[in-house]
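Listed here are the chains, written in short residue letters.
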Amino acid sequence: MNLIKSKIPRKREFRIDEIRNDFPILQRLVNGKPLVYLDNAATTQKPDFVIEAIKHYYDFENANIHRGLHFLSEVATEAYETARLKVKEFLNALSASEIIFVRGTTEAINLIASTMEKSKRLNPGDEVIITNMEHHANIVPWQLICGEEGIKLRVIPITDSGELILDDFENMFNEKTKLVSVVQVSNTLGTINPVEKIISIAHKHNVPVLLDGAQAVSHQKIDVQKLDCDFYSFSGHKLYGPTGIGVLYGKTHLLDSLPPYQGGGDMIRTVTFEKTTFNDLPHKFEAGTPNIVGAIGLAIAINYLNAFDLQDIIQHENKLLEYATKELSKIDGLKIIGTAKDKAPVISFVIDGIHPYDIGTLLNSDGIAIRTGHHCTQPIMDRFKISATARASFAFYNTQQEIDILINSLNKTIEILK
Ligand code: PMP
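Residues numbered from 1 in each chain as written. Predicted model: local features only at pLDDT ≥ 70, side-chain atom pairs only at ≥ 80, totals over all residues. Heavy atoms only, no water.

**Structural notes on the overall build of the protein**
Here is step 1 of the chain: Within the protein, the secondary structure is distributed over 14 helices and 17 strands.
Here is step 2 of the chain: Taking 22 Å as the expected radius of gyration for a compact globule of 418 residues, we find that the protein reaches 22 Å, a close match to that expectation.
Here is step 3 of the chain: The principal-axis extents of the C-alpha atoms in the protein amount to approximately 70 × 55 × 35 Å.
Here is step 4 of the chain: Within the protein, the proportion of its 418 residues that are buried is 56%.
Here is step 5 of the chain: Looking at the protein alone, contacts between residues at least 24 apart form 71% of all its contacts between residues at least 6 apart.
Here is step 6 of the chain: Of the roughly 18,000 Å² that the protein leaves accessible, carbon and sulfur atoms contribute 51%.
Here is step 7 of the chain: For the protein, the separation between the mean place of its 44 positive charges and that of its 51 negative charges on side chains is 0 Å. (Helix = DSSP H or I, 4+ residues; strand = E, 2+ residues; numbered from the N terminus. Rg over C-alpha atoms; globule rule 2.2 N^0.38 Å. Buried < 20%, exposed > 50% of the residue type's maximum accessible area, 1.4 Å probe, protein only. Contact = heavy atoms within 4.5 Å. Areas by Shrake-Rupley, 256 points an atom, 1.4 Å probe, with all protein chains shown as cover. Lys, Arg positive; Asp, Glu negative; His and termini not counted. Charge placed at Lys NZ, Arg CZ, Asp CG, Glu CD.)

**Some points on empty space enclosed by the protein**
Here is step 1 of the chain: According to the stated counting rule, one finds 1 cavity of 30 Å³ or more in the structure shown.
Here is step 2 of the chain: For the largest cavity, the calculated volume is near 70 Å³.
Here is step 3 of the chain: Lining the largest cavity are 14 residues, with N40, A41, Q215, S218 and H219 positioned closest to its centre.
Here is step 4 of the chain: Among the residues forming the lining of the largest cavity, the class breakdown is 7 nonpolar, 6 polar and 1 charged.
Here is step 5 of the chain: In this structure, the lining of the largest cavity is formed jointly by two domains, domain 1 (3-46 + 309-417) and domain 2 (55-306), each of which donates at least three residues. (1 Å grid on protein atoms, 1.4 Å probe; cavity = no way out; pocket = protein on both sides within 12 Å on 5 of 7 lines; lining within 4 Å. Points joined across faces, edges and corners; volume = space filled by probe spheres on them. Nonpolar A, V, L, I, M, F, W, Y, C, P; charged D, E, K, R; others polar. Domains from an automatic or database assignment.)

**Remarks on the environment of A53**
Here is step 1 of the chain: Following the sequence through the fold, A53 ends up in helix α3 (residues 48-61).
Here is step 2 of the chain: For A53, a relative accessible area of 1% puts it in the buried group.
Here is step 3 of the chain: For the pair A53 and G150, spaced 97 residues apart in sequence, the C-alpha to C-alpha distance is 45 Å.
Here is step 4 of the chain: In contact with A53, not counting residues within four places along its chain, are L3, K7 and I300.

**Examining the packing of aromatic side chains**
Here is step 1 of the chain: Summed over the entire model, instances satisfying the criterion amount to 17 aromatic pairs.
Here is step 2 of the chain: Note on F14 and F308: the rings are 6.4 Å apart at their centroids and 65° apart in plane angle, and the pair reads as edge-to-face. With F14 in the loop between α1 (3-6) and α2 (16-21) and F308 in the loop between α10 (292-306) and α11 (310-329), the pair connects residues that are 294 residues apart, well separated along the chain.
Here is step 3 of the chain: Owing to a relative accessible area of 21%, F14 belongs among the partly exposed residues under this scheme.
Here is step 4 of the chain: Relative accessible area serves as the criterion here: at 4%, F308 is assigned to the buried category.
Here is step 5 of the chain: Judged by centre distance (6.0 Å) and plane angle (65°), the rings of F23 and Y240 are edge-to-face. (Phe/Tyr/Trp six-rings, centres within 6.5 Å; stacked < 30°, edge-to-face > 60°.)

**Things to note about α3**
Here is step 1 of the chain: Here α3 spans 18 Å end to end across 14 residues, near enough to the 20 Å set by a 1.5 Å rise per residue.
Here is step 2 of the chain: Among the structural elements, α1, α4 (71-91) and α10 are those in contact with the buried residues of α3. (Expected span 1.5 Å × (residues − 1).)

**Describing the packing of α3 against α4**
Here is step 1 of the chain: Contact geometry of α3 with α4 gives a least axis separation of 10 Å together with a crossing angle of 155°. With respect to α4, the element α3 is oriented roughly antiparallel. Facing α3, whose interface residues are Y57, F60 and E61, α4 presents L72, V75, A76 and A79.
Here is step 2 of the chain: Here the residues of the contact of α3 with α4 sort into 6 nonpolar, no polar and 1 charged. (Axes fitted to C-alpha atoms, helices over the stretch in contact; angles between N-to-C directions. Parallel < 35°, antiparallel > 145°, perpendicular 65-115°, else oblique.)

**Comments concerning the site of the ligand**
Here is step 1 of the chain: Near the ligand lie 13 residues; those nearest to it are T106, D212, Q215, S235 and K238.
Here is step 2 of the chain: One of the side-chain nitrogen or oxygen atoms of T106 is found 2.6 Å away from an oxygen atom of the ligand.
Here is step 3 of the chain: Residue S235 places a side-chain N or O atom 2.7 Å away from an oxygen atom belonging to the ligand.
Here is step 4 of the chain: With the chains in place, 85% of the 400 Å² that the ligand exposes on its own is no longer accessible.
Here is step 5 of the chain: Among the detected pockets, the ligand sits in the largest pocket.
Here is step 6 of the chain: Considering only residue class, the shell around the ligand consists of 3 nonpolar, 8 polar and 2 charged. (Near = heavy atom within 4 Å. Polar contact = N/O pair within 3.5 Å; in protein donor to acceptor, adjacent residues only side chain to side chain. Sits in = over half its atoms within 2 Å of the grid points.)

Following this line, the structure appears as structure tokens:
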């Protein structure tokens, strides 16, 4: 039995109570109060559908892949490769060999940085265009390569509302520009960036584009062929799947032109002490035993999500965003950081005279999980001249009632701390 092919739920109506029941952790108490989980941009919770599939895999199918002729190895290999096919469909890639399983978005970007350097597609003094709202995962990998001289990062600025200023984008290109690498949806500001426009401008200059889709995949349909992006990256754990698994998509001709990232088993064709020849895509980039159960769990999470109409999910999340924005805005001294017109359900805010850490700590005592800090986007903090924000981020299992609990607890917090 192929778990991924057989574990396809029937089409479902969007019924919030039923959805919440799918997620065991949402039923638990924290500090004696029902958990209100509003830290979905950090990681999403997992439905029992995924949790059970992982247990089933270990109970009945566990073996190492690709290398064995025995029954279980074939079952595990088929499940892992079916997971790849599932991700191929999810992203609408042209071919399953364009899907590389990695640890997450961070590893995907590091893989591209490292292999572009190794293949001299990126040389000291070359330029990569990013934005002012990148996660550190799309800043630091570029700073780690090309020695002392390094790579020059050209940064697309943002407005006070957290939208990209693309007026000068065209002027950033020159013969040293080798890549545009941008976040599709900001984890701190919630901004949904106009990546189609960015890609078409970059391609006019013959520069490939990498998208950081970590915050986009759970909130919108991704079609890499329609986007025409050259590379795409995301993490399974932000899509209701397990941690430790993510995806790098790349156009075949580009992946083919890059050398292996790591060496080891599975990525080779022949090895002698003098010389090694490498396997074809995608295996060339998957050295060693991969996160087999992670890939399967991710595919099962995609199956789970496919049971819903994505428009229902988007509509529900947008309602939460709208309601929370309206209610938070009523709080005296509260300022939302990131007010772009086009936003994902992420709200960063600061409150006059109260440190975000104190907000987070007091909300926690009411069982509410929000995130506080710089959210791995220190350049955004610098841009807005703040050191940290509190951030509530929503998933499709959140409710308006949970937002009311957040608002009540915030009002109480302000009374205590002011
Ligand atoms: N980019 C963005 C926009 C993110 O939100 C995150 C996770 N917070 C990452 C990259 C890194 O993802 P991961 O830690 O799963 O590799």
